[in-house]
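Below, each chain spelled out in residue letters.
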Amino acid sequence: TLGRTVVHGRTTLLVDVYRIVRELAPHFVRERRRPSRRGRVLVADDSNAMRGALAGYLRGLGLDVVDVPDGDAALHVLRDKTRGAFDAVITDLEMPGIDGFGLLATLRTELPHTPVFVWTYHQDPMWAERATASGARACIHKLEREQLLRELEVLGIGPQRRGPEERRAH
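All of these numbers come straight from a predicted model, not from anything done at the bench. (Residues numbered from 1 in each chain as written. Predicted model: local features only at pLDDT ≥ 70, side-chain atom pairs only at ≥ 80, totals over all residues. Heavy atoms only, no water.)

### Quick look at the pairing of strand S6 (residues 88-91)
As a reminder, the rule being used: The buried label goes to any residue with under 20% of its type's maximum accessible area, the exposed label to any with over 50%, and the partly exposed label to all in between, with areas taken from a 1.4 Å probe on protein chains only. Helix and strand labels come from DSSP, where a helix needs a run of H or I of at least four residues and a strand needs a run of E of at least two; each type is numbered from the N terminus. Strand pairing is defined by DSSP finding a minimum of two bridges between the two strands. Looking down the strands as they point away from you, a crossover is right-handed if its path from the first strand over the helix to the second goes clockwise.
Of the two faces of S6, both are covered, the one formed by Ala88 and Ile90 as well as the one formed by Val89 and Thr91. Pairing analysis gives 4 bridges linking strand S4 (residues 40-44) to S6, with the strands arranged parallel. Bridging across to S6, Leu42 finds its partner in Val89. In this structure, S6 lies alongside strand S7 (residues 116-120), joined through 3 bridges in parallel fashion. Paired with Val89 across the two strands is Val116, which belongs to S7. The handedness of the S6 to S7 crossover, carried by helix H5 (residues 100-110), is right-handed.

### Structural notes on helix H3 (residues 48-60)
Inclusion rule: Multiply 1.5 Å by the residue count of a helix minus one, and that product is the helix's expected span.
Spanning 13 residues, H3 covers 18 Å between terminal C-alpha atoms, matching the ideal 18 Å at 1.5 Å per step. All buried positions along H3 are accounted for by Met50, Arg51, Ala53, Leu54, Ala55, Tyr57 and Leu58. Two residues or fewer after H3 comes Gly62, characterised by a positive phi angle close to 95°.

Honestly, it's all geometry; don't read function into it.
Given below as structure tokens:
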């Protein structure tokens, strides 16, 4: 599952359809996508369910993913030179310790060329404006993984969609 949310006043379980398809019909996923290059992504989110779902989704697409529960852990990993560089960072905004805004501020100074994407449930445009003003490349709603994927593809990270002629060849 992706987690829970409230819909029309009722708690609703969100099913991770992408993961189900990857597990039950992996040939379908491979047939539609292929990695352009294996990118490295750091995911910081205090929700185990959301972090696990996103990390699993990105790993299923061929990315090398390191996932951590908060901004403090993210900075520890990013500062550890033995772990190598990351092509992108994906962070939630609200986390204990160093939150997403604190992480953005630090990365703006320490790793200004590393793209950071905010991954949040907030839909208020003020949150998105504040995040992008703080250095985020984009502010993406947690239920819109395809938008995140498109943003990563713009950077050359992750899967590329095949054209119709390539699909027919396979």
